[in-house]
Protein chains: 2
Amino acid sequence: MKRLSIAIAAATLAIAAPAAAQDLAGGAAAVRDKALTDQTAWSIAESLTTEVGPRMVGSQGMERARDWAVAKLKALGFENVRVESFTTPAWSRGAESVEVVAPWPVKLHVLGLGGSVSTPAGGITAPIAVFTSYQTMLDQPPGALAGKIAVVTQRMGRTQDGSGYGAIGPQRWTGAAEAAKRGAVGYLMRSLSTDDTRLPHTGGGAPAGIPAAALSTPDADLLENMARRGQPVTVRMAMTSSVNPKAQAWNISGEIRGREAPDEVIVIGGHLDSWDPGTGAVDDAAGIAITTAAAKLVAQAGPPRRTIRVVMWGSEEQGGSSEAYAAAHKDEAAKIVVAGESDSGAGRIWSVSLPKAGADHAAMKAFRTSLAPLKVGVSPEPPAFGGADIRGIIGLGAPFVDFNQDASRYFDLHHSADDTLDKIDPAELAQNVAVWASFLHTVANSDVEFRTKPAP
Amino acid sequence: MKRLSIAIAAATLAIAAPAAAQDLAGGAAAVRDKALTDQTAWSIAESLTTEVGPRMVGSQGMERARDWAVAKLKALGFENVRVESFTTPAWSRGAESVEVVAPWPVKLHVLGLGGSVSTPAGGITAPIAVFTSYQTMLDQPPGALAGKIAVVTQRMGRTQDGSGYGAIGPQRWTGAAEAAKRGAVGYLMRSLSTDDTRLPHTGGGAPAGIPAAALSTPDADLLENMARRGQPVTVRMAMTSSVNPKAQAWNISGEIRGREAPDEVIVIGGHLDSWDPGTGAVDDAAGIAITTAAAKLVAQAGPPRRTIRVVMWGSEEQGGSSEAYAAAHKDEAAKIVVAGESDSGAGRIWSVSLPKAGADHAAMKAFRTSLAPLKVGVSPEPPAFGGADIRGIIGLGAPFVDFNQDASRYFDLHHSADDTLDKIDPAELAQNVAVWASFLHTVANSDVEFRTKPAP
Ligand SMILES: [Zn+2]
Ligand SMILES: [Zn+2]
C-alpha cells in the first residue's frame, strides 16, 4: 500500500497537465499490452458468475450481486463507491410446463417470455396454428386466431454484427401482442437463437395479456413437423409468473478519480442484472469485467487527469436503469466527457465507432494507432447506439462510442441456460480489455473534447 | 402394386443363381448412387423422432415405438414382420433436483444415471469432495469419502473413432459404485460429453446403492470453481426412480426374403429404444433408418438371392435385447451369413472392417470398389465389435462387420436432450445408407461366405 502511494504521488507530478502526444501513444500501447496478459477481467467474470450466478432485477440474486459489486469495486481500489437506488417493475418466473397433448404427447422445452401472464389454474389447452414466417401471422385478419395458440417458428440468421437479432426481434418483442389482437389465447415462438441446442432463450416481450413462451429450436422444428402432417395438434400451456411493480434496484458505481480535472467524467460499464436461466456470463458479466478491468489498468499506469467512472447498471434486461441513471446525473451531464457500455458478449472487438468531434486530437490518433495489433478497424460511421443503459445520458447530450464486438456466437447463448462462464474465451476477453484500456488511457489523460462546439 | 409384381417376377428370373462379378459391381454402384438421393432413411428418422420421440424400455413411448415399427416395416413392404417379446429390468426416472445449498445457493442441471437409487424423502444434504481426475477418486482409501457426495469432473476428449468415450466411460459405468465403496453417500459426475451446453447426458451405471447423477459440463465447471475457493460446499440431492424387474420389451424384425437361398440370412439393424431426455435421433433412430432404407433399396433393385432381415432391437440402452435375440435365434445361428448394427450416430462412415474370410470373393471386391466415391477406407484390421445388440449372435458364431462412423460430434448429443432430428445431416445419413446398401446388395446377391471353414 505504501509503495503504491509513492508511485501515485510521483505519477501525479508527471501528468498534472494533459499528456503530450508521444506520452499518450506510449501510454496507450503500454496499457494495451498489459491488458493482453492481465487476469483481472477473467477473475471478475469468474467471481460474478460463480459467487452470484443468475440475478434478475427484484430477485435475491440481484441483492447478492449488489453486495458483490460494492465489495469488488472496493477491493479493486475504486473510490466513491456508490449504490444509487431506484424502483422498477420486475417480472419473475414461476412454474412453467408446455406440452403437446394430441395427436400424441410431447413435452416441450420452453421458457416463458418476460412479461408473460399466468395461465388460469389447470392451464389452457388449445389447437395450434403454426407460422414459419412472422409476417404470415401478421397477415392474418382479426379473429383468425380465435381460440388458438399461435406458434411462430421463423429462424434467426447468424451475423457478425448481431443484426440478425434486430431483424427477427419483433417475433419476441411484439409477437404475443399481435397474436392476441387476432384472437390467440397463447403464443409460442422459436427462440431468438442461432444455436441448435434444446435450450430455450427467454427475453422480454410487450404486454399481451396472453401467456407467451419461447421454444428451443428443436422443439420449434418438432411442432413444424407435427403440423405438416395435417392433423390438428393440441397444446397445453401451464405457466405462472408474478410482477413486483416497484422492485428495488441499484446502479452501482466506483471511480478512478481524476487528479487534474476530476469533474470531467468518463462513464463506462456494463449491466449487473441478468436473465434467470444462465449465470449471466456473456450477458453481461463480460461487460462488467471488461470495463472494470480496463479502468483498473489505467489507474495502475498512474492516476489519470480526468475521472473514470465504472457503472454496473442494475436493470437493463427489464429496463429502468438508464432512466434512473439519467435522472440521478442530469446535473453533471454537461461534464460527461464520453459514455460507453459493453453489452454484446465477450467476442473480440472488430471495429470502433468514434465521435467525429475529437477525431483530430492527439489522443484519438494515439488510440487509433494502438488498435492495429488488436486487429480492430475504425468505422467511418459515427456511433449509433452506445448501449441500452446510457441512452438516458445520451439523451442529455453525453457523447458516446460504439465498440463493436463480434456477435457471431453471442446469440447461441444470449438469455439461455447456456450463458455460462465457459463460453467466455479468455483471449477474446483480454482483447476487449485492451481496446477499452487504450481508449480510457488516451481520453482520461488528455483534454480531448467529443462535443461539437456550437459555432461562435 | 401390379407393376411392382411384374418387375419382381422379371428380376427373379434374372438372378436365380449368384450374380456374376460384373453384375455385382454394377448393382452395388447402382444402389449406392440411388441411396445418395433417396429420402427413405430421412423419412424414417423424421417419423420415429416426431411421432414417437423418447422410448425408454418399459415406457409407454416404447409401446408406441413397437407399433410404429410394425406399421413402418409393413408400409415399406417388408415380409415376415415379427414382434419377439422378452422381459428385462427397466429403470425409470422420477423427479430429480440437485442444488448447492452452501456457501451460496445454485441450482444444478443434472440427469440421474440409469440404475440410480432414490434418495430418502427430503433428499440427502452433504459436503462435496471434488476430483478433477477419476483416478484421484479411485486412489482414495476406504472411508475417505464417508458422509460426502463425491464429484468427479474429468473431461472427455473429442475423437473421430469415439474412443474418447471408452477412455472416460468408467467415470459413469463404475464411478458411483467406487465412490460408495469409499463411503460416499452420493455421486455426481461431469457428463460424458464433448459439448459445452447446459444439458446433462444420462446413461447407465453399475448398481451402487447411492444416488448418482450427471452434471452438465458448465455445472461441473461451477462446482470445480466453487470448491477451489477452499470453503466447504454443501449439496442437496433429491431424486426418485423406480425399477420394473420384468418390463415387457420387443425385438421387431422384417425381411426382404431371399428368392434362392431364403434361409441364408443377413441380420442388420439398429436399436429402437432410447434414453428419455431427447427424441433418440442419432441414438438410434439413425441406425434404424440407415439399415431399413438400405434393405429397402436393395429390394427395389430386384429380389436378392439371400434374405435380408432388419431388426429393431428393443432394449440396447438398459441391455437385454442382445441376449433375447440370441436365445430366440440360436437354432438358425449357423445360417446367419453376416450381422451388423448401426449404432454410432448419423456421421458419415469413414472406414469399414470386414471379415478376412470372403475378402477375395467377387462380392467383396465389388463392395470395396463401390466405396471409393463415398470416401470410405477399408480397415486392415478385422471387425472387433459389431454392435451391442449382435453380441449374442456373434457369440453363437455369426460373422460380423464394423462400419465405422465419424463420431466426432456424436458425444455432443448422446443421451442428452440435444439428441434430436435437426442434428442429423441428411447428406451424411445418405452416405451411410449408400455403404450399407452396397454391402447388402453384394452379400445378398452372391454366395460369399464369411465363416472360416475348418481345414478338411
Ligand atoms: Zn445485456
Ligand atoms: Zn445407441
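What counts, and where the lines are drawn
- Residues numbered from 1 in each chain as written.
- Chains lettered and ligands numbered in written order.
- Predicted model: local features only at pLDDT ≥ 70, side-chain atom pairs only at ≥ 80, totals over all residues.
- Heavy atoms only, no water.
- UniProt positions renumbered as here; feature names shortened; annotations may be inferred.
- Domains from an automatic or database assignment.
- Contact = heavy atoms within 4.5 Å.
- Buried area = accessible area lost by both parts, 1.4 Å probe.
- Salt bridge = Lys/Arg side-chain N within 4 Å of Asp/Glu carboxyl O.
- Polar contact = N/O pair within 3.5 Å; in protein donor to acceptor, adjacent residues only side chain to side chain.
- Helix = DSSP H or I, 4+ residues; strand = E, 2+ residues; numbered from the N terminus.
- Least-squares fit on C-alpha atoms with pLDDT ≥ 70 in both.
- Phe/Tyr/Trp six-rings, centres within 6.5 Å; stacked < 30°, edge-to-face > 60°.
- Buried < 20%, exposed > 50% of the residue type's maximum accessible area, 1.4 Å probe, protein only.
- Lys NZ or Arg CZ within 6 Å of the ring centre and 35° of its normal.
- Donors = N, O, S within 2.8 Å, 3.2 Å for Na, K, Ca; no water.
- Pairing = 2+ DSSP bridges.
- Axes fitted to C-alpha atoms, helices over the stretch in contact; angles between N-to-C directions.
- 1 Å grid on protein atoms, 1.4 Å probe; cavity = no way out; pocket = protein on both sides within 12 Å on 5 of 7 lines; lining within 4 Å.
- Points joined across faces, edges and corners; volume = space filled by probe spheres on them.
- Nonpolar A, V, L, I, M, F, W, Y, C, P; charged D, E, K, R; others polar.
- Expected span 1.5 Å × (residues − 1).

An unreviewed UniProt entry annotates chain A as Carboxypeptidase Q originating from Phenylobacterium kunshanense. Of the comments in the UniProt record for chain A, the one headed Subunit (unreviewed entry) reads "Homodimer. The monomeric form is inactive while the homodimer is active."

This next bit is on the domain arrangement of chain A. All names here are of chain A. When cut into domains, chain A gives domain 1 (18-89 + 246-444) and domain 2 (104-232). On a C-alpha basis, the centroid separation for the pair domain 1 and domain 2 is 34 Å. In this complex, domain 1 contributes 17 residues to the contact, which on the side of domain 2 involves 21 residues. For the domain 1 and domain 2 pair, buried surface summed over both sides reaches about 1400 Å², with 57% attributable to carbon and sulfur atoms. On inspection of domain 1 and its partner domain 2, the count reaches 1 salt bridge.

Quoted interface sizes are often the accessible area lost when the parts come together. Each side of the interface is counted separately: chain B has 30 residues, and chain A has 30 residues. Note that B:Asp196 and A:Arg409 form a salt bridge whose closest N and O atoms lie 3.0 Å from each other. Taken together, the links from chain B to chain A amount to 16 residue pairs in polar contact (both at pLDDT 80 or more). Contributions of two or more residues to the side of chain B that touches chain A are made by α3 (40-51) and α9 (217-228) of chain B. Ranked by residue count, the leading element in the side of chain B that touches chain A is α9(B), at 6 residues.

Screw-axis analysis of chain B against chain A gives a translation of 0.0 Å along the axis, an RMSD of 0.0 Å, and a rotation angle of 180 degrees. On the angle and the small slide along the axis, the relation comes out as a two-fold axis. A symmetric contact is evident, with 100% of the interface residues of chain B recurring at the interface of chain A.

What follows deals with the packing of aromatic side chains. Scanning the model with the defined rule gives 20 aromatic pairs over all chains in all. Relative to B:Phe439, the ring of B:Phe367 lies with its centre 5.2 Å away and its plane at 65 degrees, an arrangement referred to as edge-to-face. Of this pair, B:Phe367 sits in helix α12 (residues 362-370) while B:Phe439 sits in helix α15 (residues 426-444), placing them 72 residues apart in sequence. In this structure, B:Phe367 and B:Phe439 share a single accessibility class: buried. Here a set of aromatic residues connected by ring pairs shows up, and it is made of A:Phe367, A:Phe403, A:Trp436, A:Phe439 and A:Phe450. Over the ring of A:Trp250 we find A:Arg66; its NZ or CZ atom is 4.5 Å from the centre of that ring.

Attention shifts here to the coordination of the zinc ion (ligand 1). Ideal coordination angles are 109.5 degrees for a metal with four donors arranged tetrahedrally and 90 or 180 degrees for a metal with six donors arranged octahedrally. Residues and elements named next belong to chain A. For the zinc ion (ligand 1), the full set of protein donor atoms is His271 (NE2), Asp283 (OD) and Asp343 (OD), at a range of 1.9 to 2.2 Å. Sequence spacing of the donor residues for the zinc ion (ligand 1), all on one chain, is H-x11-D-x59-D. On the criterion of sequence distance, the pair formed by His271 in strand β9 (residues 261-271) and Asp343 in the loop between β11 (336-341) and β12 (349-353) is long-range, its members being 72 residues apart. Asp343 shares its class with His271; the two are buried.

Residues and elements named next belong to chain B. One open sheet holds the 3 strands; their spatial order is β13-β12-β14, and the pairing between them is mixed. What marks the edges here is a single partner per strand, and that holds for β13 (377-378) and β14 (402-405). Inspection of the sheet shows strand β12 (residues 349-353) paired to β14 by 4 bridges, in the antiparallel sense. Each bridged residue has a counterpart across the sheet, and for Ser351 the counterpart in β14 is Asn404. In this fold α15 packs onto β12 and β14, with an angle of close to 25 degrees to the strand it touches most, β12.

Looking now at the coordination of the zinc ion (ligand 2). All names here are of chain B. Coordination of the zinc ion (ligand 2) by the protein is provided by His271 (NE2), Asp283 (OD) and Asp343 (OD), with metal-donor distances spanning 1.8 to 2.2 Å. Spacing between the donor residues of the zinc ion (ligand 2) along the chain follows H-x11-D-x59-D. Using a relative accessible area of 17% as the deciding quantity, one classes Asp343 as buried.

On to empty space enclosed by the protein, then. Inspection of every chain in the model, using the stated rule, returns 5 cavities of 30 Å³ or more. Here the largest cavity defines a volume of roughly 90 Å³. A:Arg198, A:Pro218, A:Asp219, A:Asp221, A:Leu222, A:Asn225, B:Thr49, B:Thr50, B:Thr279, B:Thr420, B:Leu421 and B:Asp422 are the residues that line the largest cavity. Secondary-structure elements contributing two or more residues to the lining of the largest cavity are α9 (217-228) of chain A together with α3 of chain B. Looking at the lining of the largest cavity element by element, the count peaks at 5 residues for α9(A). Split into classes, the residues belonging to the lining of the largest cavity amount to 3 nonpolar, 5 polar and 4 charged.

UniProt tags residues 251-439 of chain A as "domain: Peptidase M28" (unreviewed entry). As a span, residues 251-439 of chain A carries 32% helix and 22% strand, and end to end its C-alpha atoms are 23 Å apart.

Let's shift gears to helix α3 (residues 40-51) of chain A. Across its 12 residues, α3(A) extends 16 Å between first and last C-alpha, which sits within 8% of the 16 Å expected from 1.5 Å per residue. Of all 12 residues in α3(A), 9 are buried; the element is thus mostly enclosed. For α3(A), every residue scored as buried is listed here: A:Thr40, A:Ala41, A:Ile44, A:Ala45, A:Glu46, A:Ser47, A:Leu48, A:Thr49 and A:Thr50. Buried residues along α3(A) sit in contact with α4 (60-75), α10 (281-300) and α15 (426-444) of chain A together with α9 of chain B. Remark: A:Gly53 follows α3(A) within two positions and exhibits a positive phi of approximately 75 degrees.

Residue and element names in this part refer to chain B. Strand β6 (residues 186-190) sits mainly inside the fold: 5 of its 5 residues count as buried. Of the two faces of β6, both are covered, the one formed by Gly186, Leu188 and Arg190 as well as the one formed by Tyr187 and Met189. The sheet contact formed by β6 and strand β7 (residues 212-215) spans 4 bridges and is parallel. Bridged to Met189 within β7 is Ala214.

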